[in-house]
Amino acid sequence: MKTPEILLVDDNPADIDLTSEVLAQCKQRFHVNAVNDGAEAISFLRHQGKYTEAPSPDLVVLDLNLPRRDGRQVLSDIKADPALAKIPVVIFTTSQANSDISRSYELGANCYLRKPGNLTEFVAVVQSMAQFWLGFARLPQREKR
Amino acid sequence: MDERFITTTPVIDETATARRSEQGVSKLRALLVEDEAADVELALRALRHGGFEATADVAQTAEEFTSLVRKNSYDVILADSKLPNWNGMESVEVLRREGLDIPVILVSGALGEQTAVECIKQGAADYVLKDQMTRLPESVRRAMREKRLRADHKQAQEELARSNRDLEQFAYVASHDLQEPLRMVATYTQLLAERYQGKLDDSADKYIHYAVDGALRMQKLVQDLLSFSRVGRQGMALSSTDCNVVVQAALQNLEAAILESGAAVKPDQLPVVMADGSQLAQVFQNLIGNAIKFHGSGAPVIKVTAEAKAREWIFSVEDNGIGIAAEQVEDIFVIFRRLHTREEYSGNGIGLSICKKIIEHHGGRIWVESEPGQGSTFKFTIPVKATPSGGERQNDENT
């Protein structure tokens, strides 16, 4: 089985580092890719520009408040594109506003997680997310490239 | 309007504030609700005699009255209580509808005691009998003084409300926006502690520990501040709330503390009140939680009771704990105020301040009756008729 590809979309390098660190400590191996804004995320997913060689991710972990192209727009772009719609998207954000949670699910988010404020919980959330989506969950076969 | 009754040409676009001239004469613009020319003259003469430079317009019907008060600004309305076409008291109603605060003084031939009292109740500033017109100037002065006081009071209240809103907004924004950078500090100092524990020297371990501890404590403070400011912002969902259910919910949340302390919590039969159920549950949870936390040498025994009064319910949460000194009973409701060190008792001193805010938003009061070593009884009231002071609940609240 191929190593699962994860795409982290977050403008906070500290969060990307921390999430990558935690993922690196999981039993399961992952390839972690990261981009810092919404427009980059879309280019990555569509293999455009400098991302022609980029892998197709098995899971997108998406922050909501992003520069250039907002996380909500990225989410709705992904779910509106038949080539991308099947990729599970986990919203991973500090917002716990009801409006953000409902809007995300309306737009087709597969899961909404709040970034916890302390390390222990952060580790627990990221590890369970990876274990659930890339361990237990059965996902459609990755697009051949 | 009958031109004969305009006894003095009104000053064009005169503002309604009476100005005292050098001779001690006040300018006064009055609107008379009157149908007798002689009575108009009588009133004006009395006013001039009493030191007013008075000008007056006259209205005989409700329509005339309404259009005049819309067009001009008057210092005072002098209304005859009985006109053929309408009742002078209706002018009070018109002013209220138009949102105008102009004192109305009833000027009347013979006004029974009963009627007079009734008119004052309905909003007239005063009444003066036609055969005692010398009283009129003093009555006008007093009415205008009262109006000024009302205006000052209203302005002060509005300013207070605005500054309260600003403060709440500030607390909310500050605590909300502080969370994100704080999360970085907390998680990364924790990561440092985890990774480099024992790999640097002892001082480094200690310093990292201080940083982690400080960040976590600040996080808790910021979260507490946020919950505190949320009580005012989110408004309330008032509905018939069974306090028995509410207390059971609170007890469920306190289950671990109750088991650990061996507390016996005995709630009486409690009433159904108009309240925001989840906020009321928080009040009970904080009060019962405190009663458990500040226990004495024996296991905590906690009674929850309610007493019906004419306009409100008085709820009591009574414990046999350590009690509070008389000079501290006010202090404990202040946000972040703690009476003990963190080593003695945990917590940030937020619980009671939240209780106070919730109860006051419900139109009630909260206080404590206690003696050191003799236990404490926290009491709060909930009005029988709901008088909420919060807005609609917003579901989209950022939290």
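For the structure, see preceding data.
Residues numbered from 1 in each chain as written. Chains lettered and ligands numbered in written order. Predicted model: local features only at pLDDT ≥ 70, side-chain atom pairs only at ≥ 80, totals over all residues. Heavy atoms only, no water.

Visitor: So what's going on with the pairing of strand S11 (residues 366-370) of chain B? Residues and values would help.
Guide: All names here are of chain B. Pairing of S11 with strand S12 (residues 376-383), which is carried by five bridges, proceeds in the antiparallel orientation. Bridging from a neighbouring strand, Glu-369 pairs with Thr-377 of S12. Two successive antiparallel strands, S11 and S12, enclose a turn made up of five residues, where Gly-373 displays a positive phi of approximately 80°. (Pairing = 2+ DSSP bridges. Helix = DSSP H or I, 4+ residues; strand = E, 2+ residues; numbered from the N terminus.)

Visitor: With reference to specific residues and values, describe the layout of surface pockets.
Guide: All names here are of chain B. The calculated volume of the largest pocket comes to roughly 950 Å³. Together, 41 residues line the largest pocket, and Asn-290, Lys-293, Gly-349, Ile-350 and Gly-351 are the ones closest to its centre. Only helix H6 (202-233), helix H9 (277-293), helix H10 (351-361) and S12 provide two or more residues apiece to the lining of the largest pocket. Considering each element in turn, the lining of the largest pocket owes the most residues, seven residues, to H9. (1 Å grid on protein atoms, 1.4 Å probe; cavity = no way out; pocket = protein on both sides within 12 Å on 5 of 7 lines; lining within 4 Å. Points joined across faces, edges and corners; volume = space filled by probe spheres on them.)

Visitor: Give me unusual backbone geometry: which residues, what numbers.
Guide: Residue A:Arg68 is not a glycine yet carries a positive backbone phi of 65°. Mapped onto the fold, A:Arg68 is located in the loop between strand S3 (59-62) and helix H3 (71-80). In this model, B:Phe336 sits at a positive phi of 65°, which is unusual for a non-glycine residue. Relative to the elements of secondary structure, B:Phe336 occurs in the loop between strand S10 (312-318) and H10.

Visitor: Would you mind going over the environment of B:Ala275 in detail, with residue names and values included?
Guide: Residue and element names in this part refer to chain B. Along the chain, the position of Ala-275 falls in strand S8 (residues 272-275). Under the relative-accessibility criterion, Ala-275 is labelled buried at 0%. Separated by 32 residues in the primary sequence, Ala-275 and Cys-243 place their C-alpha atoms 9.4 Å from one another. Ignoring any residue separated from it by four or fewer positions in sequence, one finds Ala-275 in contact with Ala-237, Leu-238, Ser-239, Thr-241, Leu-280 and His-362. (Buried < 20%, exposed > 50% of the residue type's maximum accessible area, 1.4 Å probe, protein only. Contact = heavy atoms within 4.5 Å.)

Visitor: Describe the interface of chain A and chain B, listing the residues and the values that go with them.
Guide: In this assembly, 21 residues from chain A lie in contact with 18 residues from chain B. Surface buried jointly by chain A and chain B totals about 1,400 Å² across both partners, of which 45% is contributed by carbon and sulfur atoms. Summed over the shared surface of chain A and chain B, the result is two salt bridges. Linking A:Glu21 and B:Arg195 is a salt bridge whose minimum nitrogen-to-oxygen distance equals 2.5 Å. (Buried area = accessible area lost by both parts, 1.4 Å probe. Salt bridge = Lys/Arg side-chain N within 4 Å of Asp/Glu carboxyl O.)

Visitor: Could you give me a rundown of the environment of B:Pro271, with the residues and numbers involved?
Guide: Tracing the backbone through its elements, the reader meets B:Pro271 in the loop between strand S7 (264-267) and S8. Dropping the residues within four chain positions of it, B:Pro271 is found in contact with B:Thr241, B:Asp242, B:Cys243, B:Ala306, B:Trp313 and B:Phe315.

Visitor: Run through the packing of helix H2 (residues 62-71) of chain B against helix H3 (residues 90-98) of chain B, naming residues and quoting values.
Guide: Residue and element names in this part refer to chain B. At a minimum axis separation of 10 Å, H2 and H3 run at an interaxial angle of 40°. If you check the angle between H2 and H3, you find them oblique. Where H2 crosses over H3, the two elements pack in a sense that is right-handed. Here Phe-65, Thr-66, Val-69 and Arg-70 of H2 come into contact with H3, specifically with Ser-91, Val-94, Leu-95 and Glu-98. Looking at the contact of H2 with H3 residue by residue, the classes come out as four nonpolar, two polar and two charged. (Axes fitted to C-alpha atoms, helices over the stretch in contact; angles between N-to-C directions. Parallel < 35°, antiparallel > 145°, perpendicular 65-115°, else oblique. Left-handed = near helix turned anticlockwise from the far one by under 90°. Nonpolar A, V, L, I, M, F, W, Y, C, P; charged D, E, K, R; others polar.)

Honestly, that's just the spatial picture; any functional story needs more than this.
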